[in-house]
Structure formats: structure tokens, C-alpha cells
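Tertiary structure, described
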Amino acid sequence: MPASILMTRTLPDEALALARARATVDLHSGPQPLPKSELAARLGDKDGMVCLITDTIDAQTLAGAPRLRVIANVAVGYNNIDVAAATARGIVVTNTPDVLTETTADFAWALLMATARRVVEGDRYVRAGKFTRWEWDLLWGADVHGKTLGILGFGRIGRAMARRARGFAVRVLYHDALRADLAAERDLAATFVDKATLLKESDFVTLHTPLLPETHHLIGADELKMMKRTAYLINAARGPIVNEAQLVQALKDGWIAGAGLDVYEEEPKIHPGLFSLPSVVLAPHIASASYETRGKMATLAVENCLAVLEGKMPPTPVNPEVLRKSH
Ligand code: DGY
């Protein structure tokens, strides 16, 4: 009998066809995430699941899914899943790294550029019919070229940010719990510094750490006060890495110049203070949302799910120790 999979969202054709060719798929096709009780009920008899970051997979949900062998998240981040509880039950968790690295870095740079050069304010100005003549002092922003970029979190996406910096003649500082090897530092022209130095010296601080207990509120009042008053904060990683209320205070009181945000502390809720600040560019968590990349993420998640169900090592496991024990 083919394995059965719960898929919590209609995925692009290629991924859906792949899943349907090798498993029985229970597809939730609506745009709204499944309510917790319905998700639990539909997961009860499934061998695998392909889910999104809007699905919370906690220990209680897992307890009601005795056959479940794999949770394939269609995202690189997996803070929506209780990985420890899954591991304890011998359930493999997988994510979709690599395929979204470049797209996410493209978008973080887009946020940085849009924030520094006031692109969104300019768009609003034009749409409001205010562009009646060229103005000498209209919407001055900050130069990007020749400045210093501080990258907090120097994994795949952080390094992709550094690669792009070269084209803008931007100096790169980085900080990470693990220092990169010297060859990578040389290739990327990136200098390892402590967090305080990075905050004090950077014109743009961009966040690329996963959300972990250690990175929760990595940026709060103390850190924002260390940044230059002319500096910008960019976050396309996870919202709770930044203390959003303290960021609002920093922006209102001019501790920093602006922020470009794709993610929020209590998504989809956004601190109301952010809406009235013109120095902030707000995006709806779309850093990986390109046609090409979302297709690749979906296909990789399905491949991960099917691999586990067919007794193979999945391409990108989060907790491979589960499989090592059983192989
Ligand atoms: C991820 O992959 O973690 C993004 O935040 C969602 O695409």
C-alpha cells in the first residue's frame, strides 16, 4: 500500500505530481492554514507530512500521529516544529536549505537598498500625484556603495550577502558563533569581529541567524544604542531575533536611521508603531518568494518526504540522528 502524506497547502504542479506519483496525498487546498484540531485529526493516520511555517507542529500534535515518520517543512527555518519532540518519537524533520539562499539574499539586499534610498516613500509620493517637478531636496537617502555591512549570522545566506557586497564596494564585517575558515573569509573579503564591534562600525546591520533560544532578542535596546545613528537594520531572518517594541523606540528616538523588515516578532501581527514610521520598509515575509525558488523548495520538501517513506536518507534532514539510529 502506498504511504499516505498530509500536504497542508497546494504546492506547484511538479511537486504535487511527484508526491501523487509515489504516495497517497491528503491535500488541504485552501489558502488558510489548517486549524490545529483539523491538522491533528488529519495527521492521525498519516505516514508523512509536507507542511509550511504557518503550521505549528508541537508535541501534542505529534502524540496523536503514531504512524508519522517524516515532517518535511517547505522552508529553511523550522521553528514551527518541535524538533526535540519529533526526534524523541523517531520522526525525521527536514527543511529546504540551499535552494533559497540566493533568492533570500537578493531580497535582503533589496530591502537594504529600498530602505537606504527611500524607494517605497518615492513610490507613495508618485502615486499620490505629488511629483509635479524635479526637486533638489526631494527624498535624500543614504549611499550604499563604499559603506560597511555587518552580517550577524554567517551561514549560507549571510555569506551570499557578503558575495553581493563586493559589487557595491561595501566593506564586510561579520559575527557568528562559529568563525568561518580563513579561505572563506578571504574569498568573501569578510572580517570576523565581535558583536559589539560589528554594531558600532556598520552602516547596515543585516540578520541571518536561525531563531534559537540564543538568538531570541539578539537585537534589543542595548544593541540598537550601540549602532550608529545613521545606520539601518535589515531583518529577513526571523522576527523574534529583534525586540520589536525596542526597535520602534530606537526608530522613533533616532538611535538608528531606519529598518527594512520582512519578518515580525508575532507574525502576522506587526507592532502598530512601525506603520507610522516612514524610515521603515515593511514586507510580508516574502524573501524566498520567487517563482523559481518556491518551486524548488516545494520539490525538495516532497523529495525529502518520499525519501524517508521509502527508507532512504533524505537530501536535507534537520535531525539526521533519527535515521542514523535506524539504518
Ligand atoms: C524560510 O524558508 O524559512 C522562510 O522564512 C520561508 O520561506
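Please refer to the structure placed before this passage.
Residues numbered from 1 in each chain as written. Predicted model: local features only at pLDDT ≥ 70, side-chain atom pairs only at ≥ 80, totals over all residues. Heavy atoms only, no water.

**Some words on helix α5 (residues 101-116)**
The following threshold applies: Comment: elements are numbered from the N terminus, with helices defined as DSSP H or I runs of at least four residues and strands as E runs of at least two. The length a helix should cover is 1.5 Å for every residue beyond the first. Exposure categories follow from relative accessible area, calculated using a 1.4 Å probe and restricted to protein chains: below 20% of the type maximum is buried, above 50% is exposed, and the middle band is partly exposed.
Between its first and last C-alpha atoms α5 spans 23 Å; for 16 residues at 1.5 Å apiece the expected length is 22 Å, and the two agree. Along α5, 12 of the 16 residues are buried, which leaves the element largely enclosed by surrounding structure. Positive backbone phi, approximately 60°, marks R118, located one or two places after α5.

**Section: the nonpolar core**
Going by this rule: Here, nonpolar core means buried Ala, Val, Leu, Ile, Met, Phe, Trp, Tyr and Cys residues that are tied together by side-chain atoms lying within 4.5 Å of each other. Each domain's extent is set by a domain assignment, obtained either automatically or from a database. What makes two residues a contact is simply this: any of their non-hydrogen atoms within 4.5 Å.
Membership of the largest hydrophobic core comes to 57 residues, with the highest contact counts inside it found for M7, L11, V50, W109, L149, I151 and F154. In terms of domain composition, this core takes at least three residues from each of domain 1 (4-99 + 291-326) and domain 2 (101-282). Non-local contacts of L149, meaning those with residues more than four positions away in its chain, are made with W109, L112, M161, A165, V170, R171, V172, L173, S202, F204 and T206. By size, the runner-up hydrophobic cluster in this structure holds 29 residues, among which are L218, M227, L233 and I241.

**A few points about the packing of aromatic side chains**
Put simply, the rule is: Centres within 6.5 Å are what make two rings of Phe, Tyr or Trp a pair, Trp counting through its six-membered ring; a difference in plane orientation under 30 degrees is then read as stacked, over 60 as edge-to-face, and the rest as tilted.
Summed over the entire model, instances satisfying the criterion amount to 5 aromatic pairs. Their ring planes at 20° and their centres at 5.4 Å tell us that F204 and Y232 sit as a pair that is stacked. Pair noted here: F204 is in strand β9 (residues 204-207) and Y232 is in strand β10 (residues 232-235), with a separation of 28 residues, a long-range link. An aromatic cluster is built from F154, Y174 and F192, whose rings are joined through pairwise contacts.

**Some points on the packing of α5 against helix α7 (residues 156-165)**
Selection rule: Note on geometry: axes are lines fitted to C-alpha atoms, helical ones only across the stretch in contact, with angles between N-to-C directions running from 0 to 180 degrees. Just so you know how the angles are binned, under 35 degrees is roughly parallel, over 145 roughly antiparallel, 65 to 115 roughly perpendicular, and the rest oblique. With the far helix as reference, a near helix turned anticlockwise by less than a right angle produces a left-handed crossing, and one turned clockwise produces a right-handed crossing. For this classification, Asp, Glu, Lys and Arg are treated as charged, while Ala, Val, Leu, Ile, Met, Phe, Trp, Tyr, Cys and Pro are nonpolar and the rest, including Gly, are polar.
Interaxial distance between α5 and α7 falls to 9 Å at its minimum, and their mutual angle equals 55°. Classed by the angle they form, the pair α5 and α7 counts as oblique. In terms of crossing hand, the pair formed by α5 and α7 is right-handed. On the side of α5, the interface is formed by T101, E102, T104, A105, D106, A108 and W109, while α7 contributes R156, I157, A160, M161, R163, R164 and A165. A class-by-class count of the residues in the contact of α5 with α7 yields 7 nonpolar, 2 polar and 5 charged.

**Re α7**
Structurally, the α-helix is built with 3.6 residues per turn, so residues lying three or four positions apart point the same way. Across the 10 residues of α7, 7 count as buried, placing the element largely inside the fold. By the burial criterion, the buried members of α7 are I157, G158, A160, M161, A162, R164 and A165. The inward-facing, buried residues of α7 abut α5, β6 (148-152), β7 (171-175), α8 (182-188) and β9.

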